[in-house]
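Analysis of the macromolecular model
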Amino acid sequence: MSLADLTLDQWRSFDAPTARRVTQQAADLVGGRVTGVDTIEHLGAPLHRARIERDGCEFALIPGGPVSVGFDLDAWQPTAEQAADYAQSVEQGYGYCSDLRAHLAQVLSPRRSVVLATVLMAVEDENLSERPADMPAALAARGLRMPSADEWEHACGAGAGTLFRWGDTCPLDRIPYGDDTGPQNRPNAFGLRIAYDTYRSELSSDTTAVHGGDGGESVCGGYGALLAWLPLATANRNPVMAEFVHGPEGEDLCEDFSTRPVLPL
């Protein structure tokens, strides 16, 4: 079996020695070295986190196969505090709709099933070195590529169907920027530093999506606590910013955006 065909369910079924052996195989395949393999509790079961370094960049193993991505709005109910906070934002003229669920429907991708290859994905996002349209070629020269939007969401959520990678709620007594104790500061289940700073805006190969942040727009604009956290939601694709980035006004921008390189197996 090719490592690219490894499924998340298979990966979760491995004992620790098998996970380390598979990680070493992946490292040998890409000419890298294993920097760590540990096991955490995730979604009620053990999950291995594997990291491989190549050419000075550290990657995490992201097992694929049949997985679910996106957010199921029909199965979600906002807390009273979330609804009240959003209502205050609406009173100030923010939000796309008067109803929080309708607002989320415009910015989140729907829950769906996809089949993904297992890949290595950079633990840290990196700033664009070229214009967005030129980044695929720049990465290809290094043997890398941009993630797809589905790959990004899967890597961020790691199978969790919650609004954020850590759960359905967020601290509403503060905004994420400048918060050193919030859940966004912890590595995610696969060991990635992802959806951690709303001032970051990660691009994928999908030109209709921007992930992991909004360039600080919600924080600077004083949109309210919940709207300040929502750019970190796993399924948030920020379509308005994506239209700007990939339109004529954003085609020459690079320093304000990043991407998370993928190393295929």
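**Observations regarding the overall build of the protein chain**
For the protein chain, the helix and strand inventory stands at 9 helices and 11 strands. Since a compact globule built from 265 residues should have a radius of gyration of about 18 Å, the 18 Å found for the protein chain is in line with a globular shape. If one aligns the C-alpha atoms of the protein chain with their principal axes, the spans along those axes are about 55 × 45 × 35 Å. A burial count over the protein chain gives 51% of its 265 residues as buried. Intrachain contacts of the protein chain at a sequence separation of at least 6 include 71% that bridge at least 24 residues. In the structure as shown, the protein chain presents an accessible area of about 11,600 Å², 49% of it carried by carbon and sulfur atoms.

**Regarding the sheet that holds strand β6 (residues 119-122)**
If you walk across this open sheet you meet the 5 strands as β1-β2-β3-β6-β11, and the pairing is antiparallel. Here the strands that pair on one side only, and so sit at the sheet edges, are β1 (33-42) and β11 (262-264). The mean inter-strand angle of the sheet, taken between neighbouring strand axes irrespective of direction, is 30 degrees. The sheet contact formed by β1 and strand β2 (residues 45-54) spans 9 bridges and is antiparallel. When the sheet's bridge partners are listed, G36 is paired in β2 with R51. Docked against the sheet, helix α2 (residues 16-30) engages β1, β2, β6 and β11, running at close to 25 degrees with respect to β2. In the packing of helix α6 (residues 149-157) onto the sheet, contacts are made with β1, β3 (57-62) and β6, and the angle to β6 comes to roughly 80 degrees.

**What to know about the side chain of H48**
For H48, the location among the structural elements is in strand β2. In this structure the side chain of H48 is engaged in a polar contact, spanning 2.7 Å, whose partner is the backbone oxygen of F14. A distance of 2.9 Å separates a polar atom in the side chain of H48 from a polar atom in the side chain of T39. Beyond its immediate stretch of four places on either side in the chain, H48 contacts W11, F14, D15, A16, A19, D38 and T39.

**Observations regarding unusual backbone geometry**
The backbone of A195 sits at a positive phi, close to 50 degrees, despite the residue not being glycine. Turning to its location among the elements, A195 is positioned in the loop between α6 and β8 (202-203). On the basis of relative accessibility, which here comes to 1%, the residue A195 falls in the buried class. One non-glycine residue, N238, lies in positive phi territory at about 45 degrees. Examined against the element boundaries, N238 turns out to sit in the loop between α8 (225-229) and α9 (239-245). According to the relative accessible area criterion, N238 is buried, its value standing at 13%.

**Thoughts on the pattern of salt bridges**
Oppositely charged side chains can form a pair if their charged atoms are brought close together. Taken as a whole and assessed by the stated rule, the structure comprises 18 salt bridges. Note that R112 is salt-bridged to E153, the shortest N-O span being 3.5 Å. Placement of R112 in strand β5 (residues 112-116) and of E153 in helix α6 is noted, with a sequence separation of 41 residues between them. One network of salt bridges, with partners in common, ties together R112, D150, E153, D206 and R237.

**Thoughts on the packing of aromatic side chains**
In this structure the tally under the stated criterion is 6 aromatic pairs. When the centroid spacing of 6.0 Å and the interplanar angle of 65 degrees are considered together, the rings of F71 and W76 count as edge-to-face. Among the residues examined, W76 registers a relative accessible area of 6% and is labelled buried.

**A closer look at the side chain of R165**
You can see R165 is positioned in the loop between α6 and β8. One buried charged residue, R165, forms no salt bridge at all, with the nearest opposite charge on E202 at 9.1 Å. Among the polar contacts made by the side chain of R165, one reaches the main-chain carbonyl oxygen of Q184 at a distance of 2.7 Å. Among the polar contacts made by the side chain of R165, one reaches the main-chain carbonyl oxygen of R186 at a distance of 2.9 Å. Look past the residues within four positions of R165 in its chain and what remains in contact with it is C156, P183, Q184, N185, R186, P187, N188, I194, A195 and T234.

Cut-offs applied
- Residues numbered from 1 in each chain as written.
- Predicted model: local features only at pLDDT ≥ 70, side-chain atom pairs only at ≥ 80, totals over all residues.
- Heavy atoms only, no water.
- Helix = DSSP H or I, 4+ residues; strand = E, 2+ residues; numbered from the N terminus.
- Rg over C-alpha atoms; globule rule 2.2 N^0.38 Å.
- Buried < 20%, exposed > 50% of the residue type's maximum accessible area, 1.4 Å probe, protein only.
- Contact = heavy atoms within 4.5 Å.
- Areas by Shrake-Rupley, 256 points an atom, 1.4 Å probe, with all protein chains shown as cover.
- Pairing = 2+ DSSP bridges.
- Axes fitted to C-alpha atoms, helices over the stretch in contact; angles between N-to-C directions.
- Polar contact = N/O pair within 3.5 Å; in protein donor to acceptor, adjacent residues only side chain to side chain.
- Salt bridge = Lys/Arg side-chain N within 4 Å of Asp/Glu carboxyl O.
- Phe/Tyr/Trp six-rings, centres within 6.5 Å; stacked < 30°, edge-to-face > 60°.
- Lys, Arg positive; Asp, Glu negative; His and termini not counted.

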